[in-house]
Amino acid sequence: MAKDKPIPSESKSTAPDSTPQPSEVQAARSLQEFVGQVDSVRRLKAMVKSCRGTATVFPHILLIGSQGLGGTTIAHCVAQEMGVNLHVIEAEDLERAPDLAAILNSLEKHDILLLRNLGRLRRQLVKRLTPALFNFEFHISVGEGRGARTMKLSVNPFSCLGTIAREGECDPELLRSFPLAVKFKLYSSDEMRQITEQMASRLNISLEPQIVSLIARASKGSPGEVEKIVRWLSGQRVDSLSEHDARAALDLIGISADKFESPDAARDFALLDPIGI
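Residues numbered from 1 in each chain as written. Predicted model: local features only at pLDDT ≥ 70, side-chain atom pairs only at ≥ 80, totals over all residues. Heavy atoms only, no water.

K.L.:
Even after reading the chapter, I still don't get unusual backbone geometry, so can you show me in this structure?
P.N.:
Even without glycine at this site, histidine 110 takes up a positive phi of about 75°. A relative accessible area of 5% places histidine 110 in the buried class. With a phi close to 55°, asparagine 204 is a non-glycine residue in the positive phi region. Mapped onto the secondary structure, asparagine 204 falls in the loop between α6 (189-202) and α7 (209-218). Residue classification places asparagine 204 among the exposed positions, given a relative accessible area of 59%. (Buried < 20%, exposed > 50% of the residue type's maximum accessible area, 1.4 Å probe, protein only. Helix = DSSP H or I, 4+ residues; strand = E, 2+ residues; numbered from the N terminus.)

K.L.:
Any chance you could explain the confidence of the model for the protein here in plain terms?
P.N.:
Note: predicted coordinates in regions of low pLDDT should not be interpreted at a detailed level. Confidence in the prediction for the protein averages 82 pLDDT; 79% of positions are at 70 or higher. Across the protein, the element-wise mean pLDDT spans from 78 in helix α9 (residues 243-251) up to 97 in strand β3 (residues 112-116). Scored below 50 in pLDDT, residues 1-24 shows 64 contacts in the model against residues more than four places distant or in partner chains. Every residue in residues 259-272 is under pLDDT 50, and counting partners more than four places away or in other chains gives 33 contacts. (pLDDT = per-residue confidence, 0-100. Contact = heavy atoms within 4.5 Å.)

K.L.:
I would appreciate a short explanation of the packing of helix α1 (residues 38-54) against helix α2 (residues 71-82) in the present structure.
P.N.:
The packing of two helices is summarised by the inter-axis angle and the distance between the axes. Two numbers describe how α1 lies on α2: the axes approach to 10 Å, and their chain directions differ by 30°. What the angle tells us is that α1 and α2 run roughly parallel. In the packing of α1 onto α2, the handedness of the crossing is right-handed. On the side of α1, the interface is formed by Val41, Leu44, Val48, Cys51 and Arg52, while α2 contributes Ile74, Val78, Glu81 and Met82. The residue makeup of the contact of α1 with α2, split by class, is seven nonpolar, no polar and two charged. (Axes fitted to C-alpha atoms, helices over the stretch in contact; angles between N-to-C directions. Parallel < 35°, antiparallel > 145°, perpendicular 65-115°, else oblique. Left-handed = near helix turned anticlockwise from the far one by under 90°. Nonpolar A, V, L, I, M, F, W, Y, C, P; charged D, E, K, R; others polar.)

K.L.:
Just checking my understanding: could you explain the side chain of serine 30 for this structure?
P.N.:
For serine 30, the location among the structural elements is in the segment before α1. With residues up to four places along the chain from it excluded, the contact list for serine 30 reads Cys77 and Glu81.

K.L.:
Hey, could you run me through helix α4 (residues 123-135) in this one?
P.N.:
For the α-helix, the turn length of 3.6 residues means that residues three or four positions removed from each other point alike. Helix length check: α4, at 13 residues, gives a terminal C-alpha distance of 19 Å against a target of 18 Å (1.5 Å per residue), a fit within 8%. Regarding α4, the residues found buried are Leu125, Val126, Leu129, Thr130, Pro131, Ala132 and Leu133. Just beyond α4, the residue with positive phi is phenylalanine 136, at close to 55°. (Expected span 1.5 Å × (residues − 1).)

K.L.:
How should I be thinking about the pairing of strand β2 (residues 86-90) in this particular structure?
P.N.:
Consecutive residues of a regular strand have side chains that alternate between opposite faces of the sheet. Burial analysis of β2 places five of its five residues in the buried class, the great majority of the element. Residues of β2 alternate between two faces, with Leu86, Val88 and Glu90 on one and His87 and Ile89 on the opposite face, all of them buried. Judged from the five bridges that link them, β2 and β3 form a sheet pairing that is parallel. For glutamate 90, the partnering residue across the bridge sits in β3 and is arginine 116. (Pairing = 2+ DSSP bridges.)

K.L.:
Just to check I follow, could you spell out the packing of aromatic side chains for this structure?
P.N.:
Aromatic ring pairs are reported here in terms of the distance separating the ring centres and the angle at which the planes meet. Per the counting criterion, the structure on display carries one aromatic pair. Ring geometry for phenylalanine 136 against phenylalanine 158: centres 5.7 Å apart, planes inclined by 65°, an arrangement best described as edge-to-face. With phenylalanine 136 in the loop between α4 and β4 (137-142) and phenylalanine 158 in the loop between β5 (149-154) and β6 (159-164), the pair connects residues that are 22 residues apart, well separated along the chain. As far as the burial class goes, phenylalanine 136 and phenylalanine 158 line up, both buried. (Phe/Tyr/Trp six-rings, centres within 6.5 Å; stacked < 30°, edge-to-face > 60°.)

K.L.:
Please clarify how the packing of helix α8 (residues 223-234) against α9 should be interpreted in this entry.
P.N.:
Direction vectors running N to C along α8 and α9 enclose 120°, while the axes themselves pass 10 Å from each other. The angle between α8 and α9 places the two elements in the oblique class. For the pair α8 and α9, the crossing hand works out as right-handed. Residue-level contacts link Ile229, Trp232 and Leu233 of α8 to Ala246, Ala249 and Leu250 of α9. The residue makeup of the contact of α8 with α9, split by class, is six nonpolar, no polar and no charged.

Next up, the structure:
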């Protein structure tokens, strides 16, 4: 395995409609930079170190938590530190066995496959994916009726990371294929401010501390909300927003200091979800 090669930020799969683009900007680019989820990140660092030291494939892991809590970012960080390619796929976009076969066949040794919203994977594909996770084999049905037979095709050893909101969303058979799980928690106020500063830095926009705090409060513990809000501000096409201009831009999407003084405040105007966080 080439441990030090650069990591593409998106899937290389050639299967039709199977390569949704992840966010171009991740708040963290390494586990060292990742803010929050301290215990889980510590364990992931240890796993990366062990796998790199023994040249073994990273284990399959379920990433459990609401969209926007950092599952996609974690996957990017792990792939970067493992020195492997990351392939990001929306599970519901896989319609037929050939789609899944094409993706698995495109994986290089020790690559990481991120299946987002794993609970939406079609039942017939669960039966195809399970042996690939257990034995790195893909089963293909050949022929019909009494003459039908199953062929077993080997695929390169790979790691699968799957995101789900709750364990109950995942098919029990598929759930057993994942030996480990990371359960995401909401982020603290301090962590949200750090994440807001990180995202603003990635998007090359300077924000006043008061605006950083306002965005952190309005995001309700979700880095995905931070990304949407900071992207909105970066769309103002300036490198540095004055506090007055930032407040005016935020007010357009229902965010104001008065409204978010209360911890129970809610926005009545929302931005569309980002593709990945």
